[in-house]
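# An overview of the molecular structure
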Amino acid sequence: DAKTTQPTSMDCAEGRAANLPCNHSTISGNEYVYWYRQIHSQGPQYIIHGLKNNETNEMASLIITEDRKSSTLILPHATLRDTAVYYCIVRFRYMNYGGSQGNLIFGKGTKLSVKP
Amino acid sequence: DTEVTQTPKHLVMGMTNKKSLKCEQHMGHRAMYWYKQKAKKPPELMFVYSYEKLSINESVPSRFSPECPNSSLLNLHLHALQPEDSALYLCASSQVVEVGNQPQHFGDGTRLSIL
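Here is what the cut-offs are and how they apply
Residues numbered from 1 in each chain as written. Chains lettered and ligands numbered in written order. Predicted model: local features only at pLDDT ≥ 70, side-chain atom pairs only at ≥ 80, totals over all residues. Heavy atoms only, no water. Phe/Tyr/Trp six-rings, centres within 6.5 Å; stacked < 30°, edge-to-face > 60°. Helix = DSSP H or I, 4+ residues; strand = E, 2+ residues; numbered from the N terminus. Buried < 20%, exposed > 50% of the residue type's maximum accessible area, 1.4 Å probe, protein only. Pairing = 2+ DSSP bridges. Axes fitted to C-alpha atoms, helices over the stretch in contact; angles between N-to-C directions.

## Let's talk about the packing of aromatic side chains
Across all of its chains, the model carries 12 aromatic pairs over all chains by this definition. For the ring pair A:Y36 and B:F106, a centre distance of 5.8 Å and an interplane angle of 85° mean the geometry is edge-to-face. With A:Y36 in strand 3 (residues 31-38) and B:F106 in strand 10 (residues 105-106), the pair connects residues from two separate chains. For A:Y36, a relative accessible area of 0% puts it in the buried group. With relative accessibility at 4%, the residue B:F106 sits in the buried group. Chaining the aromatic ring pairs together yields one cluster made of A:Y32, A:Y34, A:Y36, A:Y46, A:Y87, A:F106, B:Y33, B:Y35 and B:F106.

Right, here's the structure in full:
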């Protein structure tokens, strides 16, 4: 089972910031928070990941709360092409061979619709 | 554009056919993955290869047979599939398997339809 909780859907106006929340209250100190998105008819696209500190790259910013129990993905200026399903995934730091630890386990994600 | 290339993009096959899906990456990654995604559902892991050796099989039926002939190529051989196997099959790669700090990069998948 996925270890994250996300809203089923969200709307955002084009040009405004999109703030996508994720709850991961059972996260351990050895687990990363990953964000992927999947645009219709394409494969999942890696966006960003972090462990404790906030992270920023050319696509988005990731804000992780101090207790690490929740995070927010921020798309600073959403465009129509950002319409997609956004997945928040908690992933262990190390893989154990023969087990599922460290695998990417996708939940249902948030369907973000950017509207003109 | 994705750096993981999957062919074919679409495949229609009968239940008695044998076909193969192909995945290629030239990023020097040593871990490769197969996922299955049913319509309106999230991707689910099928197989993991690490350094060309199968390290994880998520209880996938034997009618799906993976193969990793070299570090850049991953195949999924299909035989005697069922209509419920119709799905989007996604390939991904990452630098290594062992460390969770390495993002997986996905191809755009092969959309498979079983008649």
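Further notes follow.
## Section: the sheet that holds strand 6 (residues 61-64) of chain A
All names here are of chain A. In spatial order, the strands read 2-7-6-5; together these 4 strands make up an open sheet with antiparallel pairing. Looking at strand neighbours, the two that pair on one side only are strand 2 (18-23) and strand 5 (55-56), the edges of this open sheet. Alignment of strand 5 against strand 6, held across 2 bridges, turns out to be antiparallel. Among the inter-strand pairings, E55 is bridged to a residue of strand 6, identified as L62.

## Section: the sheet that holds strand 1 (residues 9-13) of chain A
All names here are of chain A. Spatially, the 5 strands line up as an open sheet ordered 1-9-8-3-4, and their pairing is mixed. Edge strands, defined here as strands with exactly one partner in the open sheet, are strand 1 and strand 4 (45-50). For this sheet, the mean inter-axis angle between neighbouring strands, taken without regard to orientation, is 25°. By the bridge criterion, 5 bridges tie strand 1 to strand 9 (residues 110-115) in an arrangement that is parallel. Across the sheet, the residue bridging to S9 is K111, located in strand 9.

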